[in-house]
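Structural overview for review
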Amino acid sequence: MEATFLAQHFVPIMFAGLFVLLLTGFPVAFALAACGLGFGFIGMEAGLFPPSLFQALPLRIFGIMQNDTLLAIPFFTFMGIILQKSGMAEDLLETVGQVFGPVRGGVAIAVILVGALLAATTGVVAAAVISMGLISLPIMLRYGYSRVIATGTITASGTLAQAIPPSLVLIVLADQLGRSVGDMYAGALLPGLLLVGLYVLFIVVVAIFKPAMVPALPEEARIYREANGKSGHVSLLLLLILCTVVGYVWSTFHDGLMTAWLERTLPSPDDEIVIMSMTVASLVALALAIVNRLTGLGLLSRLAEQVTFVLMPPLILIFLVLGTIFLGVATPTEGGAMGALGALFLALSRKRLDKKLMNQALENTAKLASFVLFILIGSTVFSFTFNAADGHIWVEHLFLDMPGGAIGFLIVVNILIFILGCFIDFFEIAFIVIPILAPVAEKILPGMVPGMTADQAMIWFGVIVAMNLQTSFLTPPFGFALFYLRSVAPKNDYKDRISGENIPAVKTSEIYKGSIAYIILQLIMVATIIAFPNLVTGGLKEGVKIDADAAFEQMLNQAGEDSGKDDEVNLDDMKPADDAAAEEDPAKALEAEMKAGKK
């Protein structure tokens with residue numbers, strides 16, 4: 001009787017056991033592995049599984065260690081830490097703040113744009129939030145910014161590291177969904193940029209209707225001025241126009257050049273053209289600034305020159321990394337390695353690369369990579385037992401009978417991920433929940449939009465999940481971005497060193513309130529991606545479609561021609577040898593044995 005009850009309710013009991021283990025505070029990686037192993041042995045003792053259940057598990061673990069895609073995680077992490085520790089964030093915030101400071105909301109807009117740039121370089125939320133909290137928050141408090149707007153803008157801008165390529169969460173999701181990281185980057189690029197635009201639009205609306213909440217920087221706070229007292233914005237605008245024209249001209253020639261160089265048969269995708277055009281425009285701007293400084297011609301203002309030298313090197317590095325991935329010249333892992341090398345060169349050019357910086361970067365990279373891999377191993381053990389108990393079929397039946405079909409599935413999944421994000425980290429969600437939902441998504445979503453392939457549907461699903469996971473950093477009570485800002489925001493009243501005024505402490509409630517508006521904006525973006533899948537799939541390359549019947553017929557004809565008219569083609573010989581494959585593949589052999597045992 002007990003064995004029958006256990007067999008019927010094994011999957012929900014397993015979930016409950018994992019939930020209890022997580023509530024005890026036990027490390028997630030070991031909780032997952034312990035739950036998988038524990039329930040696996042229980043199932044074997046109850047006769048639900050064959051005694052050889054875990055024989056194929058070492059091969060699964062070894063497969064994780066051989067996964068080249070996961071090498072991109074330490075490479076991009078190392079690249080981000082080197083750039084962040086070399087003082088890039090400070091230079092960017094100061095320079096971009098000077099560009100937008102003269103307008104209402106300018107400092108907040110600068111924080112958003114720098115947050116987007118840090119997202120594409122560091123890819124680490126903690127580094128972005130802490131850097132901007134230390135540098136921008138005192139300036140915003142000094143000049144009378146609303147504390148809710150100031151804190152919310154800093155925390156939300158820091159979380160952009162989850163949505164904008166090259167993001168660590170996109171790498172993990174691509175691996176869990178079994179799809180190309182390059183396609184995931186291409187699909188997430190436009191939604192990520194649209195989210196940045198939505199943030200900026202929000203600040204513009206606040207500046208129009210509540211100008212007192214986001215005042216402009218006063219005259220004395222603007223440090224880059226010409227000898228005649230002018231701000232230098234005109235020179236910067238002319239440089240921007242020139243580079244835009246150069247980028248546009250390149251975009252018209254890009255397809256022809258790349259088609260000839262790479263010997264392509266398909267036209268260049270739009271995201272590749274945009275990235276490479278921006279790369280060329282950035283290189284032209286940097287070249288002009290170098291020539292201006294070396295010759296002393298004075299063609300550029302101090303502000304334009306400063307913006308170029310501070311902004312262009314990291315931008316060029318980002319564009320080159322993403323451009324080579326989109327071009328197909330480099331894999332994401334190779335692009336990450338190139339980015340790490342480029343970050344070392346940038347730090348060396350700033351004369352900030354030393355032994356201490358290298359030790360910190362290597363140590364933090366090793367910690368994060370080990371953290372991710374241990375959770376992945378634990379989730380693999382858990383999912384191994386879960387799938388052996390036909391848990392994926394249980395989940396599939398749970399969602400297939402849901403009202404609303406594919407839309408209902410997406411709504412429920414996003415609500416589930418949003419709620420889980422209030423309590424656990426995005427890595428844990430990606431490794432626990434996504435492998436369970438992926439088979440259901442692959443079965444339901446392709447038929448939702450006419451013409452959408454299974455690969456496009458899974459990339460679309462991955463970008464939706466990534467955008468939703470971004471909210472996990474902002475949602476109380478355990479939003480990590482809120483805690484990062486709390487750790488650097490002033491806890492007591494202090495006297496400002498510039499203005500001499502007494503500045504009240506920042507309350508935790510103000511940090512929490514500041515996140516609400518940006519959580520709503522992120523959910524709006526999630527709904528927009530669901531409503532308009534083309535935002536994700538429009539930039540994806542369509543694979544060459546093959547007619548299987550025609551290909552099989554052609555193969556038969558070819559075989560007939562090669563063997564002569566008198567030779568007959570044995571169709572049985574051309575069928576896949578399932579039995580032989582099962583004997584060679586322990587996982588398939590185990591699956592066959594389990595199915596035979598159930599019968």
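Here is what the cut-offs are and how they apply
- Residues numbered from 1 in each chain as written.
- Predicted model: local features only at pLDDT ≥ 70, side-chain atom pairs only at ≥ 80, totals over all residues.
- Heavy atoms only, no water.
- Helix = DSSP H or I, 4+ residues; strand = E, 2+ residues; numbered from the N terminus.
- Buried < 20%, exposed > 50% of the residue type's maximum accessible area, 1.4 Å probe, protein only.
- Contact = heavy atoms within 4.5 Å.
- Salt bridge = Lys/Arg side-chain N within 4 Å of Asp/Glu carboxyl O.
- 1 Å grid on protein atoms, 1.4 Å probe; cavity = no way out; pocket = protein on both sides within 12 Å on 5 of 7 lines; lining within 4 Å.
- Points joined across faces, edges and corners; volume = space filled by probe spheres on them.
- Nonpolar A, V, L, I, M, F, W, Y, C, P; charged D, E, K, R; others polar.
- Arc of directions from axis to C-beta.
- Axes fitted to C-alpha atoms, helices over the stretch in contact; angles between N-to-C directions.
- Parallel < 35°, antiparallel > 145°, perpendicular 65-115°, else oblique.
- Left-handed = near helix turned anticlockwise from the far one by under 90°.
- Polar contact = N/O pair within 3.5 Å; in protein donor to acceptor, adjacent residues only side chain to side chain.
- Patch = residues over 30% accessible without salt bridge, like charges linked within 9 Å, V, L, I, M, F, W, Y side chains within 5 Å.
- Areas by Shrake-Rupley, 256 points an atom, 1.4 Å probe, with all protein chains shown as cover.
- Phe/Tyr/Trp six-rings, centres within 6.5 Å; stacked < 30°, edge-to-face > 60°.
- Core = buried A, V, L, I, M, F, W, Y, C linked by side-chain atoms within 4.5 Å.
- pLDDT = per-residue confidence, 0-100.

**Observations concerning the overall build of the protein**
If you tally the helices and strands in the protein, you get 28 helices and two strands. Across the 599 residues that make up the protein, the buried fraction comes to 49%. The long-range share in the protein, meaning contacts at least 24 apart out of those at least 6 apart in sequence, stands at 77%.

**Description of the pattern of salt bridges**
Per the counting criterion, the structure on display carries five salt bridges. Here Arg147 ties to Glu510 by a salt bridge, and the two come within 3.8 Å at their closest N and O atoms. One end of the pair, Arg147, is in helix H9 (residues 147-158); the other, Glu510, is in helix H23 (residues 508-531), with 363 residues separating them in the sequence. With a shortest N-O distance of 2.8 Å, Glu305 and Arg293 are connected by a salt bridge.

**Side note on the layout of surface pockets**
As a volume, the largest pocket reaches approximately 1,100 Å³. In terms of lining residues, the largest pocket is bounded by 34 residues, among which Met278, Leu311, Met312, Leu315 and Phe319 are the most central. Of all elements in the fold, only helix H6 (88-100), helix H7 (106-121), helix H11 (181-209), helix H12 (233-262), helix H13 (270-295) and helix H14 (302-327) reach the threshold of two or more residues within the lining of the largest pocket. When residues of the lining of the largest pocket are assigned to their parent elements, the largest contribution, eight residues, is made by H14. By residue class, the composition of the lining of the largest pocket is 30 nonpolar, four polar and no charged.

**Focus on helix H17 (residues 391-400)**
Side chains of residues three or four places apart in an α-helix project in the same direction, reflecting 3.6 residues per turn. Turning to H17, its buried residues number three or more, namely Gly391, Val395, Glu396 and Phe399. The buried residues of H17 occupy one face: seen down the axis, they fall within an arc of 140°. Of the surrounding elements, those touching the buried residues of H17 are helix H2 (10-23), helix H16 (355-388), helix H18 (405-421) and helix H20 (434-444).

**Re the packing of H18 against H20**
Relative to each other, H18 and H20 sit at 165°, their axes nearing to 11 Å. One finds that H18 runs roughly antiparallel with respect to H20. In this structure, H18 crosses over H20, and the sense of that crossing is left-handed. Packed against H18, whose contacting residues are Ala406, Phe409, Val413 and Ile417, the element H20 presents Ile434, Leu437, Val440, Ala441 and Ile444 at the interface. Taken together, the residues of the contact of H18 with H20 break down into nine nonpolar, no polar and no charged.

**Details of the environment of Ile273**
Relative to the helices and strands, Ile273 resides in helix H13. Its relative accessible area of 17% is what places Ile273 among the buried residues. Spatially, the C-alpha atom of Ile273 lies 9.8 Å from that of Tyr248, the residues being 25 residues apart in sequence. If sequence neighbours within four positions are ignored, Ile273 has contacts with Ser251, His254 and Ser268.

**What about the side chain of Gln176?**
Along the chain, Gln176 turns up in helix H10 (residues 168-177). Residue Gln176 is classed as buried on the basis of its relative accessible area, which comes to 17%. A polar side-chain atom of Gln176 sits 3.3 Å from a polar atom in the side chain of Asp175. Not counting residues up to four positions away in its chain, the partners in contact with Gln176 are Leu376, Ala430, Phe431, Ile434 and Pro435.

**Brief notes about the environment of Ser301**
Within the secondary structure layout, Ser301 lies in the loop between H13 and H14. Judged by its relative accessible area of 6%, Ser301 is buried. Expressed as a C-alpha distance, the spacing of Ser301 and Arg225, which sit 76 residues apart in the sequence, is 8.2 Å. At 3.2 Å, the side chain of Ser301 and the backbone nitrogen of Ala304 are in polar contact.

**A word on a nonpolar patch on the surface**
On the surface, Val234, Leu237, Leu238, Leu240, Ile241, Val245, Tyr248, Val249, Phe253 and Leu257 cluster together to form a nonpolar patch covering roughly 1,000 Å² of accessible area. Following the sequence through the fold, Val245 ends up in helix H12. The class for Val245 is partly exposed, based on a relative accessible area of 45%.

**Thoughts on the packing of aromatic side chains**
For any pair of aromatic rings, the description consists of the separation of the ring centres together with the inter-plane angle of the planes. Per the counting criterion, the structure on display carries eight aromatic pairs. Plain terms: the ring middles of Phe76 and Tyr185 are 6.4 Å apart, the flat faces sit at 70° to each other, and that makes the pair edge-to-face. With a gap of 109 residues between them, Phe76 in helix H5 (residues 72-85) and Tyr185 in helix H11 connect regions that are remote in the sequence. Given the relative accessible area of 2%, Phe76 is considered buried. Here the aromatic cluster, defined as three or more aromatic residues joined through ring pairs, consists of Phe41, Phe54 and Phe384.

**Quick word on the nonpolar core**
Soluble globular proteins tend to bury their nonpolar side chains together. Ranked by size, the top nonpolar core spans 172 residues in total, and within it Leu173, Tyr185, Phe409, Leu445 and Phe461 carry the most contacts. Among the elements that line this core, the one with the most residues is H14, at 14 residues. With residues up to four places along the chain from it excluded, the contact list for Leu445 reads Ala406, Phe409, Leu410, Met452, Ala457, Trp460 and Phe461.

**What to know about the confidence of the model for the protein**
As a general rule, the predicted coordinates of low-pLDDT regions are not to be interpreted in detail. Confidence in the prediction for the protein averages 78 pLDDT; 86% of positions are at 70 or higher. Within the protein, the lowest mean pLDDT, 42, falls on helix H26 (residues 571-574), and the highest, 90, falls on H23. Taken together, the stretch residues 559-588 has pLDDT below 50 and engages in 13 contacts with residues farther than four places along the chain or on a different chain.

**Focus on the packing of H12 against H14**
For the pair H12 and H14, interaxial distance at closest approach is 13 Å and the crossing angle is 20°. As the angle between them shows, H12 and H14 are arranged roughly parallel. The handedness of the crossing between H12 and H14 comes out as right-handed. On H14, the residues touching His233, Ser235, Leu236, Leu239, His254, Met258 and Leu262 of H12 are Leu303, Ala304, Val307, Thr308 and Leu327. Along the lines of polarity and charge, the residues of the contact of H12 with H14 split into eight nonpolar, four polar and no charged.

**Focus on the side chain of Ser277**
Tracing the backbone through its elements, the reader meets Ser277 in helix H13. Looking at Ser277, the relative accessible area reads 8%, which means it is buried. Of the polar contacts made by the side chain of Ser277, one reaches the backbone oxygen of Gly247; its length is 3.4 Å. If we ignore the near neighbours within four places in the chain, the residues touching Ser277 are Gly247, Trp250 and Ser251.

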